[in-house]
Structures are given as structure tokens and as C-alpha cells.
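# Descriptive structure summary
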Amino acid sequence: MNETARQHGAETHAAVLTATNVTRRFGGLVAVNNVSFEVRPGEILGLIGPNGAGKTTMFDLLAGSILPTSGEIRLNGTLVSGEAAHLRIGRGLGRTFQIPRPLPNLTLIENVMLAAQGQTGERLLANFITPWRVAGEEKAAAKKAVELLELVSLSRLAHQPARVLSGGQRKLLELARVMMADPAIILLDEPAAGVNATLLEVIIDRIRDINKSGITFLLIEHNIDMVTRLCHRVLVMASGELICEGTADEVARDPRVIEAYLGGTA
Amino acid sequence: MMDLIGYAAFFLTAALIFSLITLGLNLQWGLTGLFNVGLAGFVAIGAYTSALLTTPDDPARLGGFGLPILIGWLGAMVVGGLAAALTGYATLRLRSDYLAITTFGVAVVVQLVALNAQPLTGGPFGIGFIPRPFGGLAETPLLFNLSNLAIVLAVTLAAYLALEHLSRSPWGRVLKALREDERAAVSLGKSARFYRVQAFAVGGAIMALAGALQAHFIGFIAPDNYLPILTFQVWVMLIVGGSGSNIGAVAGSVLVWAIWAGSGALTSMLFSPEQQARAAALQIVAIGVMLCVILLVRPSGLFGDRPRRLRAAKAAPSAAPESRGP
């Protein structure tokens, strides 16, 4: 465990994101069963577990794409679990997708600019009533978008449609895009999946850089090497339940985790 | 020569009214990806609203209210926009083909109401005596046609410029994002519901305005004007012109209307009067063939959004970011 991680483990800030007794049923299936945890400010928290453990459902609950059957989700202390998904990014929670969702026929810069929050020009009439204000905000947004694209080494493709990007580049674009909204916490769904080794290093470096600038991360990942290198703490889910919590080394040695991954009789 | 100019003005007026409908559809489909197959209903709502507001009092039905034409047009936009917003709100949960079926149903309902609600719409006999702008000039057809053209041109141009401004605005960017990937747009803080209803409402208001213009241009409306064939024509216009492009919407409308009118003239020349009703079906065949050719040769239409972007991107892969500032 490195220095930063220990520091984060010891500090007791108010949590950025808390889940309290969150349950989600799909008919008879309990995809997420009574899960509680908190994400502390400034940490990189990993969420791992075998396939079908309920990780992505947990993500969708946190991001608001689906509503919990019961339980509470709080973002910086505010209860958000009943709110529509589109309101969550304005409250500081951004997400990426397991299979990236770039807007294929919009250029990269348009993709990133779209994520700017509270834009006057997104109101229909404002484009006719205060066009100068819209133009000013657009200029500022374009500048920031280019900087973010530079951060993820995509600025030379800024005016290409996003469909030309490779799988790994799409993940980087999603990262730049979500950064545009100035989130307090970013949920990353399998940032390493389907990414070649070189680009993976870029992604890891960028996540680390962004984290150093004060942004909290919660990430689902199967790549244990990446989890060990990046995450200060790790949560393990299996069969919809949270079975273990600790540093990467701790959870790797936990018999419950080994059982969940390898099967066997308890 | 004068006749030719007169006819050209008449032709262009009709074509530009279609352009206006197509512009409304382009906002809904080209930009936002809303599959509206019921646009004839919104055109009808605009035409009937304006007719009711502006015709002289008629004891056989509600109204008319004898209001100025401009009030009729504004009323058409308001009622058409509200009807479209309501449709958009009611169909929030529907996607693609399900949305298409529902909007088609809306158009059929509107047409049947127009046909049967005699005290409101005049039923199958329609509404006549719709005041025509520059009606005083009707004695001199050329001047009358040219002034009609001028007014329709002005309205279409205004709509075109406003829509072009909007499609380049952050508002338009949100609509495009919803077209491309609704879930991604929602995750970035855009309310899919709110913007879908807006796209429906603005598009519907434009279609209704076109309906009103057409009603005042011809002076008479009847339910038969708003059959599904109208929806088909406008869709072909948008596909031929290039979905997503406003200039394509206008060009496609003029081109398709030229072929429609031209094939109509041709059949009336080639066939004897008793065969002409049947020969009229050839117009639809001509349009259908044209649609097939366009889809084969230029799948994204004459001014389609996508190839242009691709070309622009190829031409300037390393363009300075500032050069595309707002």
C-alpha cells in the first residue's frame, strides 16, 4: 500500500458518494442485495467481482440509469436515489460506459463540449435573445474542450467525427468528455477492457493525473494489475452482495474473495 | 413569357411551402432522430386553425372569426406546436418504429376529425373563402403570383435562417446528441424528455405554419389535402435533399416537387382524358423511382449531413481548433 492510499484510508472526510442498504430486484432476481459503502473524497475506489456479481447494476444505480428497489444513494450528502439520471452530472457525478458511447457523427470537440453544464445556448430562445452570451460561452467551452482533448492525447483528432476512433481512444474520449462537466467523482466502467497495452498505460496515467487534481474515482475493473496499481481501496461484490472491502492486497488474500472467484465449498 | 414567369412563380410558391414542411421534419428527424410519419396531421392542424381564425363568419360551422391573416398564421403555429408537443409528450417512451406507428395514427385521427367534425371543419366539403394575402391583386395573376411568392419566400427564408442558427447552436448539439445516443446524452446531463418535446413542438409549429400558408395560397382546404401521401412526399423530399441538412431540405423539396409537377404535366400530355385518373398513379411511381435512384447513388441525399462531415474532416485533419470557434 502506498503513501497516498494510507493517507486516504486514515482520513475521515464526509463521503462524496454513499450507498446505504441499496437493493435492486429484477422480478425474482436480486441483482444488488442490501449493499452499503461510501466513496471518500480524493480516493480511487475499485469495485471488482466475478461476472454477474451485480457491479454494472450497482453502477447504473449510482448513475441513476435505474432506480433502486430500496435503499438510499447520497451524493455529497444530498439524497439523489429518486432523481432522474440527467440531473446527476450537475450534482458532480460523471460516468463512462463499459462499451464506450461516443456520439459517432459528432466531432471529438463537439462530443466534449456537449458535456459542459449550464450552457445558456442549450435553451432554445437564448440563441436568439442573447446570442453574444452564447457565443462567449461557446468560445470558452471550445478552449476547455481542446485542453481536455490534449490531456488525453486526442487533440489532433479534435475535428474528426468520433466514429473514426479505436476502442481505446473512445475510452479516452469518454474520460475527456466527462471531465468537461467538472465532476467531483467519476464512475469508470471497465476502463481497461479491450484496450491495448500501450494505450492502457496512457489511461492509467491519465486517471492518476486527474485523481491528483482532486477528483474521486470509483471504477469497475477486471484487470487486477490495474486495480492493484491504481486503487487505494477495493470493494468486492459477488452474487449481488458486497462480500469484502480493503486494500488490493488484503482482498486478494481474503478467502471469501478467492471462493467467489474460484468457486468451491465454504 | 409572362405566362411562364407566372407559372414559375406559382410553382416555386408551392415548392417553397413544401420546403417549409421539410425543414420542420428535418429538425425532428434529421437533427433529433424522431421518426415522425404523421406530419400531414400537423400541416392539417395549421391549415384548419388559420382558416377558422381568418374566414368570414359561417353559420354552418364554428367561426370563422374574420381575423387578420397574420393572426391566423401565428395561431396555426401555436396550435400546431401545442399539438406536436402533446404528441411528443405522449410518445416519450417510444422509439423508432413504434414512434412512427403512433405518429401515423395521430395524422389519421386528425384527418378523420377534419372529415367528420362538420360543425368545426366543414367536413368533406372543407373550408372555402380563406382570405388570400394580396387578394386585391387577383385581377392581375402575374403580380398576384409574384407577391405570393415573395411572402412565402420571406417566411421560408426566415425559417431556414432560424433553423440553421439553431442547428449550429448548443441547443442543436443536444438534439444531435440525442439522435446519436440518448443514453450518453442523458449521462451528460441532457434531459431527453425535455428536448424531444421541444423538437416535436418547434417542428410541428413550422409544419403548421406551412399548412396555413398553403391554405391561404390556395384559398380552399379539404380533408383530402392531408392524406398520408403528403407525408410520403415530404419524407422523399428530405431523403433526396439529405437528412440533417437544412439546405438539403429546401433543395430536395424543390427538386421532388419539380418531378411531381413535371410528371403530372407529362401524363396529361401523353394520355387521353379518360385514362388520366389512372395515369396519375405514374406520378407516385416517378417519385418512387427517384427515391430508389437517390438511395443507390447518394444514400445520404444531395446535401446529406454525414458525407459532408467526412469530406470536411478529410480535407482538414489538423485544422487549428480556433478556426472552428463559435
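As the structure is a computational prediction, the values presented were derived from the model and not from experiment. (Residues numbered from 1 in each chain as written. Chains lettered and ligands numbered in written order. Predicted model: local features only at pLDDT ≥ 70, side-chain atom pairs only at ≥ 80, totals over all residues.)

## Section: the overall build of chain A
Within chain A one finds ten helices and ten strands. Taken against the 2.2 N^0.38 rule, which gives 18 Å for 266 residues, the C-alpha radius of gyration of chain A at 19 Å falls within 12% of a compact globule. Principal-axis analysis of the C-alpha atoms gives chain A an extent of 65 × 40 × 35 Å. In chain A, buried positions account for 48% of the 266 residues. Intrachain contacts of chain A at a sequence separation of at least 6 include 68% that bridge at least 24 residues. (Helix = DSSP H or I, 4+ residues; strand = E, 2+ residues; numbered from the N terminus. Rg over C-alpha atoms; globule rule 2.2 N^0.38 Å. Buried ≥ 20, exposed ≤ 12 C-beta atoms within 10 Å, placed from the backbone. Contact = placed C-beta atoms within 7 Å.)

## A few points about the overall build of chain B
Regarding its fold elements, chain B presents 14 helices and zero strands. Secondary structure elements of chain B, listed N to C terminal, follow the sequence α-α-α-α-α-α-α-α-α-α-α-α-α-α. Here the C-alpha atoms of chain B give a radius of gyration of 20 Å, agreeing with the 20 Å that 2.2 N^0.38 yields for 326 residues. Here chain B holds 326 residues, and the buried ones make up 48% of them. The contacts of chain B with a sequence gap of at least 6 include a subset with a gap of at least 24, amounting to 75%.

## Remarks on the nonpolar core
Ranked by size, the top nonpolar core spans 169 residues in total, and within it Leu149(A), Ala176(A), Val43(B), Ala208(B) and Leu209(B) carry the most contacts. With 16 residues, helix H9 (residues 192–218) of chain B is the largest single contributor of residues to this core. Looking at which domains feed residues into this core, each of domain 1 (3–102 + 183–262) and domain 2 (105–164) of chain A supplies at least three. Ignoring any residue separated from it by four or fewer positions in sequence, one finds Leu149(A) in contact with Leu108(A), Ile109(A), Val112(A), Leu154(A), Ser155(A), Ala158(A) and Ala176(A). (Core = buried A, V, L, I, M, F, W, Y, C linked by C-beta atoms within 7 Å. Domains from an automatic or database assignment.)

## Let's talk about the environment of Val39(A)
Residue and element names in this part refer to chain A. One can find Val-39 in strand S2 (residues 29–39). Given 25 C-beta atoms within a 10 Å radius, Val-39 is considered buried. The spatial distance from the C-alpha of Val-39 to the C-alpha of Met-113 is 28 Å, given a sequence separation of 74 residues. Non-local contacts of Val-39, meaning those with residues more than four positions away in its chain, are made with Ala-15, Val-16, Leu-17, Leu-45, Ile-185, Thr-216 and Leu-218.

## Here's the deal with the domain arrangement of chain A
Residue and element names in this part refer to chain A. Each assigned domain of chain A is listed with its residue range as follows: domain 1 (3–102 + 183–262) and domain 2 (105–164). Summarising the inter-unit geometry, the C-alpha centres of domain 1 and domain 2 are found 28 Å apart. In this assembly, five residues from domain 1 lie in contact with six residues from domain 2. Of the residues assigned to the side of domain 1 that touches domain 2, the class counts are three nonpolar, one polar and one charged. (Nonpolar A, V, L, I, M, F, W, Y, C, P; charged D, E, K, R; others polar.)

## Structural notes on unusual backbone geometry
Its identity is not glycine, yet Ser153(A) carries a phi of approximately 60°, on the positive side. With respect to the helices and strands, Ser153(A) occurs in the loop between helix H5 (131–151) and helix H6 (167–179). Residue Ser96(B) is not a glycine yet carries a positive backbone phi of 30°. Its place among the elements puts Ser96(B) in helix H4 (residues 96–116). The exposed category is assigned to Ser96(B), around which 10 C-beta atoms lie within 10 Å.

## Points about the interface of chain B and chain A
Taken together, the 32 residues of chain B in the interface contact 35 residues of chain A. In terms of residues, the side of chain B that touches chain A owes the most to one element, helix H7 (residues 170–180) of chain B, which gives seven residues.

## Re helix H1 (residues 2–31) of chain B
Residues and elements named next belong to chain B. Counted at 1.5 Å a residue, the expected span for H1 with its 30 residues is 44 Å, and the 41 Å between its end C-alpha atoms agrees. The largest bend in H1 amounts to roughly 35° and is located at Leu-25. Within H1, 21 of the 30 residues are buried, leaving the element largely enclosed by the surrounding structure. Within two residues after H1, Gly-33 carries a phi angle of roughly 80°, on the positive side. (Expected span 1.5 Å × (residues − 1). Bend = angle between axes of the 7 residues up to and from the residue.)

## Topic: the sheet that holds strand S8 (residues 216–220) of chain A
Residues and elements named next belong to chain A. Pairing is mixed across the open sheet formed by six strands, whose spatial order is S6-S7-S8-S3-S9-S10. Either end of the sheet is taken by a strand with one partner, and the two such strands are strand S6 (93–95) and strand S10 (241–246). Each strand of the sheet is rotated relative to its neighbour by a mean of 20°, with strand direction disregarded. With five bridges joining them, strand S9 (residues 233–238) and S10 adopt antiparallel strand pairing. (Pairing = 2+ DSSP bridges. Axes fitted to C-alpha atoms, helices over the stretch in contact; angles between N-to-C directions.)

## Considering the sheet that holds strand S1 (residues 17–26) of chain A
Residue and element names in this part refer to chain A. Read across the open sheet, the four strands follow the order S2-S1-S4-S5; overall the sheet is antiparallel. Looking at the sheet topology across the chains shown, the edges are occupied by S2 and strand S5 (78–79). Pairing analysis gives two bridges linking strand S4 (residues 70–75) to S5, with the strands arranged antiparallel. Along S5, the bridge assignment pairs Arg-74 with Leu-79.

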